[in-house]
Amino acid sequence: MSEYDFPFLLAIDLESEWKRVLTVVEKHPWLTVDGYFQTEQQYRRYQMRMGTGASEVKLWQIENWNDKYYLDEIYRSRYWLSQIDLIKSFNYQHTSYGLKHACENWWGVEKSKLGIQDTVSYVANGCLIVAALILEWKFTDTYQGHRSLNVYFPISEKSLKRLKPDYLG
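Residues numbered from 1 in each chain as written. Predicted model: local features only at pLDDT ≥ 70, side-chain atom pairs only at ≥ 80, totals over all residues. Heavy atoms only, no water.

Enquirer: Would you mind showing me how to read the packing of helix α3 (residues 68-81) against helix α4 (residues 96-113) here?
Expert: In a packed pair of helices, the relevant descriptors are the angle between the two axes and the axis-to-axis distance. Taken N-terminus to C-terminus, the directions of α3 and α4 make an angle of 95°; their axes are 10 Å apart at the nearest point. Overall, the two elements α3 and α4 adopt an arrangement that is roughly perpendicular. Each of R76, S77, Y79 and W80 in α3 lies in contact with α4, whose residues at this interface are L99, A102, C103, W106 and W107. Of the residues belonging to the contact of α3 with α4, the class tally is seven nonpolar, one polar and one charged. (Axes fitted to C-alpha atoms, helices over the stretch in contact; angles between N-to-C directions. Helix = DSSP H or I, 4+ residues; strand = E, 2+ residues; numbered from the N terminus. Parallel < 35°, antiparallel > 145°, perpendicular 65-115°, else oblique. Contact = heavy atoms within 4.5 Å. Nonpolar A, V, L, I, M, F, W, Y, C, P; charged D, E, K, R; others polar.)

Enquirer: It is not clear to me how the pairing of strand β3 (residues 140-143) should be interpreted in this structure. Could you clarify?
Expert: A regular strand places its side chains so that they alternate between the two faces of the sheet. The pairing of β3 with strand β4 (residues 146-152) spans three bridges and is antiparallel. Bridge pairing links T140 to Y152 in β4. Adjacent in sequence and paired antiparallel, β3 and β4 are bridged by two residues, among which Q144 carries a positive phi angle near 50°. (Pairing = 2+ DSSP bridges.)

Enquirer: I keep staring at helix α2 (residues 40-49) and nothing clicks. Help me out?
Expert: The periodicity of an α-helix, 3.6 residues per turn, causes residues three or four positions apart to be oriented the same way. Within α2, burial applies to Q42, Y43, Y46 and Q47. The buried residues of α2 occupy one face: seen down the axis, they fall within an arc of 135°. Turned more than 90 degrees off the buried face of α2, the exposed positions are Q41 and R49. Its buried side turned inward, α2 meets β1 (31-32) and β4. In the segment just after α2, G51 is the residue with positive phi, at about 100°. (Buried < 20%, exposed > 50% of the residue type's maximum accessible area, 1.4 Å probe, protein only. Arc of directions from axis to C-beta.)

Enquirer: It is not clear to me how helix α1 (residues 14-25) should be interpreted in this structure. Could you clarify?
Expert: With 12 residues, α1 ought to run about 16 Å at 1.5 Å a step, and its terminal C-alpha atoms sit 16 Å apart, in line with that. Along α1, the positions that sit buried rather than exposed are E17, W18, V21, V24 and V25. For α1, the angular spread of buried residues about the axis comes to 125°, placing them on one side. For α1, exposure combined with an orientation more than 90 degrees from the buried face picks out E15 and K19. Put simply, D13 is the residue that caps the front of α1, since its side-chain oxygen is 3.2 Å from the backbone nitrogen of E15. (Expected span 1.5 Å × (residues − 1). Polar contact = N/O pair within 3.5 Å; in protein donor to acceptor, adjacent residues only side chain to side chain.)

Enquirer: How do you make sense of the pattern of salt bridges when you look at a structure like this?
Expert: Side-chain pairs of opposite charge can arise whenever the charged atoms involved come near each other. By the definition in use, this model includes nine salt bridges. In this structure, the salt-bridge partner of K19 is E15, at a minimum N-O distance of 3.7 Å. With K19 and E15 both in helix α1, this residue pair falls four residues apart, about one helical turn. Accessibility classification places K19 together with E15 in one group, the exposed group. As a salt-bridge pair, D85 and R162 come within 3.3 Å of each other at their nearest N and O atoms. Of the two residues, D85 sits in the loop between α3 and α4 while R162 sits in helix α6 (residues 157-163), which places them 77 residues apart along the sequence. The exposure class of R162 is exposed, given its relative accessible area of 54%. Connected through shared salt-bridge partners, E17, R20 and R78 make up one network. (Salt bridge = Lys/Arg side-chain N within 4 Å of Asp/Glu carboxyl O.)

Written out as structure tokens, the structure is:
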């Protein structure tokens, strides 16, 4: 029996989840809810492209992760990702951004089955990445020589399809 074998997310131990998150994000200081950044400069450029004025750019702080909504998203993502098999090579068919949508679709179905109506299904891209790193997954943010804030994982296409093909959108 694993930590995931229980009725569900209604009783997340936020303190334990925060400790897991902190272990990962301290190693990856430019991992934000938006995605994976290599440097502060890359993060600032992204913020400005998204319409934030240079003087308004706020640097992401590790403590920002200690938020019950982010911790819930990370926990749900970790549960969902734990059902996917890993392979040796990166699967470039699905980015973290695409997987976060599949995780959202899955949670929407699950919470409906459980009769939960007061939670959202949203999962931030960065929360899914943190969840994968907690599971000790390898990742790359580079495809065909281009870097992205979305990352790729070495995940099995078969296990994704077995998990539930209609979650993949």
